[in-house]
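What the coordinates show
Residues per chain, in single letters:
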Amino acid sequence: MVRANLLSVVMLMHAIVGLPHNARGLSMSYYMKSCPTAEHIVKNSVNNALQADPTLAAGLIRMLFHDCFIEGCDASILLDSTNDNTAEKDSPGNLSLRGYEIIDDAKQEIENTCPGVVSCADILAMAARNAVFWAGGPYYQIPKGRFDGKRSKIEDTKNLIPPSFNASQLIQAFGQRGFSPRDVVALSGAHTLGVARCSSFKARLITPDSSVDSSFVNTLSKTCSVGDNAEQPLDATRKYFDNAYFNALQMKSGVLFSDQTLFDTPVTRNLVNGYAFNQSKFFIDFQKAMRKMSKLNVKNSSQGEVRKHCRCLN
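All of these numbers come straight from a predicted model, not from anything done at the bench. In this numbering scheme, every chain counts its residues from 1 along its sequence in written order. In keeping with the model being predicted, local features are shown solely for residues with a pLDDT of at least 70 and side-chain atom pairs are shown and tallied solely at 80 or more, while totals for entire chains, interfaces and linings include all residues. Excluding hydrogens and water, the side-chain figures rest on all heavy atoms present in the structure.

**A word on the packing of helix α4 (residues 100–113) against helix α5 (residues 120–134)**
- Contact geometry of α4 with α5 gives a least axis separation of 10 Å together with a crossing angle of 125°. With respect to their mutual orientation, α4 and α5 come out oblique. Of the two possible hands of crossing, α4 and α5 adopt the one that is right-handed. Residues Ile103, Ala106, Lys107 and Ile110 of α4 form the contact with α5, whose own contacting residues are Cys120, Ile123, Leu124 and Ala127.
- Residues are grouped as follows: Ala, Val, Leu, Ile, Met, Phe, Trp, Tyr, Cys and Pro are nonpolar; Asp, Glu, Lys and Arg are charged; all remaining types, including Gly, are polar. Tallied by class, the residues present in the contact of α4 with α5 amount to seven nonpolar, no polar and one charged. Fitted lines through C-alpha atoms give the axes, limited to the stretch in contact for helices. The angle between two N-to-C directions lies from 0 to 180 degrees. A helix here means a DSSP run of H or I that spans at least four residues, while a strand means a run of E at least two residues long, and both kinds are numbered starting from the N terminus. For classification, angles of less than 35 degrees are called roughly parallel, those exceeding 145 degrees roughly antiparallel, those between 65 and 115 degrees roughly perpendicular, and all remaining angles oblique. By convention, the crossing between two helices is left-handed when the near helix turns anticlockwise from the far helix through less than a right angle, and right-handed when the turn is clockwise. Contacts are residue-level and defined by heavy atoms, with any inter-residue pair within 4.5 Å sufficient.

Structural data, given as structure tokens:
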């Protein structure tokens, strides 16, 4: 199992970041009395799953982003479709999400210990954080106290970021949610884990793209020769959370257009170069941005509930 440098971990665990207005009600000690073992249970569920399949780390991080960017961090991504409603998870952009069973397992064990207390939204936020650390990235504390949303509709997923966005579009989309260009580049660094399917980057092979190294074009073309579902690692260390993603961008080997554009655009290029040179700086900025992400439009008790099962409403 990969672990972050101990000194970096200690520094990050003690970093203090204020809560934005929409995150009031969250607390680091939210479950201290009502369910003190919640964090431990989530950690064990994540670690056990990732020991069996390390590629699920990328899935959990991506799942949190796809949840928070739609209706806020309210576990709406976890709800199953019903006869009269098609949920977010069944939209084309979410069909490749993985790791739902990890959340289910953690929720079931927590319910056996502390029934009706810990929200699925908090479990997902903790699971994504633990996945980052398990893969070698920074550990960061996150406040708890989110409530689970009651809405999950496929039409809301139109707000997901497509892989065709350029840097200006990324900055605008994230900026509308309170993120800075630095946050955008740092969060994009999560692509140090996982893979992309050919369908998400094959357009770059059809139309000449000077931002891609010619030899890397051949690599992508070979991947796509198998079909749209063929997978290409997003960097050379797909199972390890490091700064190799930024090194790839410097070499014009970003898999997605929305990745490579960060190096090709002056306003974000210096950030890419900085993270490629200094992994510790990337880790520090990433954990700050992820903590901010995990507090997007959280629900309170009057807006949500604590689900008994993460896949359905109470």
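**With respect to the packing of helix α2 (residues 38–52) against α5**
- Two numbers describe how α2 lies on α5: the axes approach to 9 Å, and their chain directions differ by 50°. Relative to α5, the element α2 lies oblique. Crossing angle aside, the handedness with which α2 passes α5 is right-handed. Packed against α2, whose contacting residues are Glu39, Val42, Lys43, Val46, Asn47, Leu50 and Gln51, the element α5 presents Ile123, Met126, Ala127, Arg129, Asn130, Ala131 and Trp134 at the interface.
- Class assignment for the residues of the contact of α2 with α5 results in eight nonpolar, three polar and three charged.

**Here we look at the UniProt feature "binding site: heme b" (unreviewed entry) in the protein**
- UniProt positions are given in the numbering used here, feature names are shortened, and annotations may be inferred rather than shown by experiment. Here the UniProt feature "binding site: heme b" (unreviewed entry) sits at His191.
- Inspection of the secondary structure assignment puts His191 in the loop between α7 (181–188) and β1 (195–197).
- His191 has contacts with Leu234, Asp235, Tyr245, Leu256 and Asp259, leaving out every residue within four places of it along the chain.

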